[in-house]
Amino acid sequence: MRALVLTPTRELAAQVEESVRVYGQHLPLKSAVVFGGVNINPQIEALRQGVDILVATPGRLLDHLGQKTLDLSRVEIFVLDEADRMLDMGFIRDIRRVLALLPARRQNLLFSATFTDEIRTLADGFLHAPVGVDVARRNAESELVRQSVYLAEKEDKRALLVYLLAGGNGGEKIAQALVFTRTKYGADKLAKNLGKDGVSAAPIHGDRSQPQRTRALADFKSGAVRVLVATDIAARGLDIDQLPHVINFELPAVPEDYVHRIGRT
């Protein structure tokens with residue numbers, strides 16, 4: 001294995017590996033993705049075939065290392081994607097375990113749309129004379145996204161959401177929207193109630209099985225489902241082609257997550 005990419009969520013891991021295959025389709029490079037929530041045996045078989053680039057979530061990567069189904073001794077490039085989210089989700093201990101198994105000489109890369117002081121400390125701790133590349137001012141929201149705020153009593157929020165989806169307030173009917181809630185229970189409840197309101201919706205969050213999560217995202221991307229109701233599991237890195245609207249039904253706990261959420265458009 002020549003390159004290892006770590007991502008915080010299964011959906012992002014699958015997307016990154018798909019991108020590797022698309023970008024490298026004319027190159028003699030083999031890639032694979034490993035994440036939890038699914039049978040480990042097909043992943044073991046893929047690793048046995050030999051892999052140049054592996055995309056993984058931390059937990060399942062450590063499972064494979066424990067079963068000795070992969071070897072990190074020849075990794076040349078280590079990529080930590082959505083590095084700030086890795087810290088938020090408590091992966092720092094797992095990351096340090098992985099780092100201990102990598103060759104001393106390698107290239108390290110950290111990617112994040114927001115860059116906190118904690119991430120800078122992490123970078124200084126395991127990068128050698130790092131070079132920083134900033135494409136925008138720190139933790140800035142995209143200037144291409146038009147933002148609006150609607151004030152409503154809590155009990156009126158769902159009715160307002162349905163009104164806006166239908167094209168209320170002088171706007172066009174919203175054909176596709178990614179709607180964020182703060183809790184898994186809230187996502188399930190809102191998706192169910194939107195269905196009662198005649199709006200096709202599916203929830204996606206950490207308590208859903210991986211097949212359920214994969215199906216919900218695929219249905220949303222294909223247009224089979226009009227609204228995807230998500231926790232911040234869907235706020236990072238997911239590429240949904242031409243997504244017109246992100247709606248914060250509930251605001252996130254930290255400002256950086258708001259930047260990531262609206263960046264899905």
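Scroll up for the structure.
Reading the values: rules and limits
Residues numbered from 1 in each chain as written. Predicted model: local features only at pLDDT ≥ 70, side-chain atom pairs only at ≥ 80, totals over all residues. Heavy atoms only, no water. Helix = DSSP H or I, 4+ residues; strand = E, 2+ residues; numbered from the N terminus. Buried < 20%, exposed > 50% of the residue type's maximum accessible area, 1.4 Å probe, protein only. Polar contact = N/O pair within 3.5 Å; in protein donor to acceptor, adjacent residues only side chain to side chain. Contact = heavy atoms within 4.5 Å. Pairing = 2+ DSSP bridges. Axes fitted to C-alpha atoms, helices over the stretch in contact; angles between N-to-C directions.

A. Here's a closer look at the side chain of Thr181. Locating Thr181 in the fold gives a position in the loop between strand E6 (177-180) and helix H8 (184-196). Taking the relative accessible area as the measure of exposure, Thr181 reaches 1% and is therefore buried. Here the side chain of Thr181 touches Ala187 through a polar contact of 3.4 Å, landing on its backbone nitrogen. Filtering out sequence-adjacent residues up to four positions away, Thr181 remains in contact with Gly186, Ala187, Leu190, Val229, Ala230, Thr231, Phe249, Glu250 and Arg261.

B. A look at unusual backbone geometry. A positive phi is found at Lys68, a non-glycine position, where the angle reads about 55°. Mapping Lys68 onto the fold places it in the loop between helix H3 (58-66) and strand E4 (77-81). Of note, Gln242 is a non-glycine position whose phi angle comes to about 60°, a positive value. Along the polypeptide, Gln242 turns up in the loop between strand E8 (227-230) and strand E9 (245-248).

C. Quick look at the environment of Ala218. Following the sequence through the fold, Ala218 ends up in helix H9 (residues 210-222). Taking the relative accessible area as the measure of exposure, Ala218 reaches 40% and is therefore partly exposed. Remark: the alpha-carbon pair of Ala218 and Ile240, spanning 22 residues in sequence, is separated by 9.8 Å.

D. Region of interest: the sheet that holds E8. Read from one edge of the open sheet, four strands run E7-E8-E6-E9, paired in parallel fashion. Each edge of the open sheet is held by one strand with a lone partner, namely strand E7 (201-204) and E9. Mean inter-strand twist for the sheet, computed between neighbouring axes without regard to direction, equals 20°. The pairing of E6 with E9 spans four bridges and is classified as parallel. Across the sheet, residue Val179 finds its bridge partner in E9, namely Ile247.

Honestly, it's all geometry; don't read function into it.
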